[in-house]
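Below, each chain spelled out in residue letters.
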Amino acid sequence: MLKRKRFIFAMLAILPTLAIFAYVRLYPIADTLRLSLYQWNILSKNKPFIGLANFRELMGDHLFLDALINTTIIAFGVLALTIPMALVIAALIFHRTRSRMAGFYETAVFIPHVVSLVPAAMAWKWIFDARLGPLNALLDFFGIPMQSWLFDPVLSVICIIVLCSWQALGYAVLIYLVGFKNLPVSLYEAAKLDGASGRQSFWHLSIPMLKPITLYVSVVTLVSGFNVYAQAFVLASDAQGAPGRQVRVLVLDMLENSFRNYRVGYAASEAVVLLVIVLALTLIQFSMLREKGKA
Amino acid sequence: MASVEIQNVRKAYGDFETIKGVSVEVPDGAFVVLVGPSGCGKSTLLRMIAGLEEISGGTIRIDGRIINDVEPKNRDIAMVFQNYALYPHMTIAENMGFSLRLAKKSKEEIAERVNDAARILGLTDYLGRYPKMLSGGQRQRVAMGRAIVRNPKVFLFDEPLSNLDAKLRVQMRAELKDIHARIKTTTVYVTHDQIEAMTMADRIVVMRDGIVEQVGAPLDLYDRPVNTFVASFIGSPSMNFITGKLGEDLTSVTTENGVRMPLGKHASATPGSEVTYGIRPEHLAIGQAGEGIPVTVTNIEPTGSETFVQGTVDGQKISALLRERLFIKTGEILNLAFLPTNGHVFDTASGIRID
């Protein structure tokens, strides 16, 4: 009886949160899935069901395919840059935790993660600026030819990857630091007696033992990488200065389709494709995590 | 194999000194146990030998070479940790061969040495498994194996059996002793368990508050403890202490109300001085009427093979470990007799042995 009462109380206690979660999270996802099967121009009452026609059209839409390729390159680029850097930086900070500067290092790395996207991107836009930017000034100082960072199709993607990694790094370092703090000290002492140098301990102990953390950070980084928008929008304008044109990304394409071209159903089908990709990658990563756990 | 010489070693954290000038010699091939209560500095001393703690003062020599500033990996020692410190992501074979892999030995040599160690420890069937698939005792053996494959000059053990259950601990104690008898590597072993110390050591070092109280063979420590601390620490159950005054003839101690306890030898103190008489519970036996000391029984614990009796003599606590089965009740008076040669006498104020 008591159990039942407690269960009802618990359910009532979480109901408000659950209701909000359902309204702002679950309902939009379900409605997006539904909308992707319709043709709708946002204003019209007429909303015909067209089945998978939106998806069929997507496969031939070169703007969408461009955006998909760019987004994938950016997401995996951010992943490839962030994970090793975060691991090394976390290791350096962790092994310097006794130094007076430890707090400063942690804060310095984490600040980019909490800075608003647009001002941060504006600052980077200045750094990458072809004529006034310090990066080109530095290259010029060393006699290296200056680059048009934000106008070159390849370089501009790299610039976005750098900016996104800079922002993702703080969170990844923070999570890795928690991981490092949970590794047993005696294992490192044992390794020291076994003859391992600091680098060898890092390579043979830290990296394999932090695998679950790496998988988690990878999932988070990859998902946020696929959601890239503001960075590309601010950083990469085309030659005429139109924002977001140089490097087209999926979220931008979706926004344009729904609110500029008024093709909400079509944009919803893009969102579904993005959802499927992210879900598939997450499942792959978590199945890897589970397999490791069984060992 | 090598000797270990610890000379006047100190360890300080700021102004706080945890090791206050310890000197211990571990002869080549010996099995020396550092024993003492928690916080006595025994583990710190071991970690200083290993190179995991800096030495604040004094010198440590291994095989005649001062190793104070030598990197742990260059000290040619192997250590077994309390929690085993096995690498969880490596198989047993990889765990055992890790040091050899770092030393860039050939795969064939690593396999050979790992297999040899596994054979000694009965781990051959487990080489492909991961540590978490093994029981506590098996993990303990892997930790030993990791030390053995390196063929080091000195083995260091930091309370290696304290995570095991009582039965397994007894079994592993025997196994460790057996392995030492076979490979004869100089061993320094830390424990807080005096039974481990007594059963395994060639020589025991009793420590308290960062100093060495006594060094000696197990039975020497049992038979002639230098002070009340060693007397109470070595032996289980602990030695009984009864305070009284030294007799005129210096061969007996008498309590306040006249209970007389004879000594087998002369005490070196002035007659009438305050002393503490020590007698081990296992040295007490049931005496005839009028023989021994009268003990008022307060608690009886029969264990089957023996009976542990607690009581008071002249208001002071005393316990006895008797072989006989007793059919007595609490409150009754029991005469307990003992050989005077089994009695010990200590100065009450300083606790130092005076016979």
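Source: prediction; values computed, not measured.

Conventions we followed
- Each chain carries its own residue numbering, running from 1 in the direction its sequence is written.
- Written order decides the labels, with chains lettered from A and ligands numbered from 1.
- Given that this is a predicted model, residues contribute local features only at a pLDDT of at least 70 and side-chain atom pairs are listed and counted only at 80 or more, while totals for whole chains, interfaces and linings are drawn from all residues.
- By the criteria applied, helices consist of DSSP H or I runs no shorter than four residues and strands consist of E runs no shorter than two, each listed in order from the N terminus.
- Counting other C-beta atoms within 10 Å of a residue's own tells you its class, since 20 or more makes it buried, 12 or fewer makes it exposed, and anything in between is partly exposed; those C-beta atoms are placed from the backbone.
- A pair of strands counts as paired when DSSP detects no fewer than two bridges linking them.
- The angle between two axes is taken between their N-to-C directions and runs from 0 to 180 degrees, where each axis is a line fitted to C-alpha atoms and a helix contributes only its stretch in contact.
- By the convention adopted here, residues are in contact when the distance between their C-beta atoms, placed from the backbone, does not exceed 7 Å.

Notes on unusual backbone geometry
Residues and elements named next belong to chain B.
Then step 1. In this model, Ser-236 is joined to Pro-237 through a cis peptide bond whose omega is 0 degrees.
Then step 2. Relative to the helices and strands, Pro-237 resides in the loop between α8 (228-233) and β11 (240-246).
Then step 3. With a phi angle near 65 degrees, Leu-250 is a residue other than glycine that sits in the positive phi range.
Then step 4. Position of Leu-250 among the secondary structure elements: in the loop between β11 and β12 (252-254).
Then step 5. For Leu-250, a count of 19 C-beta atoms within 10 Å gives the class partly exposed.

So, the pairing of strand β17 (residues 307-313) of chain B
Regular strands have side chains that alternate between both faces of the sheet.
All names here are of chain B.
Then step 1. Note: strand β16 (residues 293-302) against β17, six bridges, orientation antiparallel. Looking across to β17, one finds that Val-297 is bridged to Gly-311.
Then step 2. Following β16, the chain reverses through four residues before pairing antiparallel with β17; Gly-304 in that reversal takes a positive phi of roughly 100 degrees.
Then step 3. Examined bridge by bridge, β17 and strand β18 (residues 316-322) share seven bridges and lie antiparallel to one another. Across the sheet, the residue bridging to Val-313 is Gln-316, located in β18.
Then step 4. Here β17 folds back onto β18, and the loop between the two strands holds two residues, one of which, Asp-314, carries a positive phi near 50 degrees.

Quick notes on the sheet that holds strand β9 (residues 203-208) of chain B
All names here are of chain B.
Then step 1. The mixed open sheet is built from six strands, whose spatial order is β6-β7-β8-β3-β9-β10. This sheet does not close on itself; its edge strands, each paired only once, are β6 (77-80) and β10 (211-216). Averaged over all adjacent pairs, the angle separating strand axes in this sheet is 15 degrees, with direction ignored.
Then step 2. As paired strands, β9 and β10 are joined by five bridges and run antiparallel to one another. Each bridged residue has a counterpart across the sheet, and for Ile-204 the counterpart in β10 is Gly-216.
Then step 3. Each of β6 and β7 (154-158) touches helix α4 (residues 136-148); the most contacted strand, β6, lies at about 175 degrees to it.

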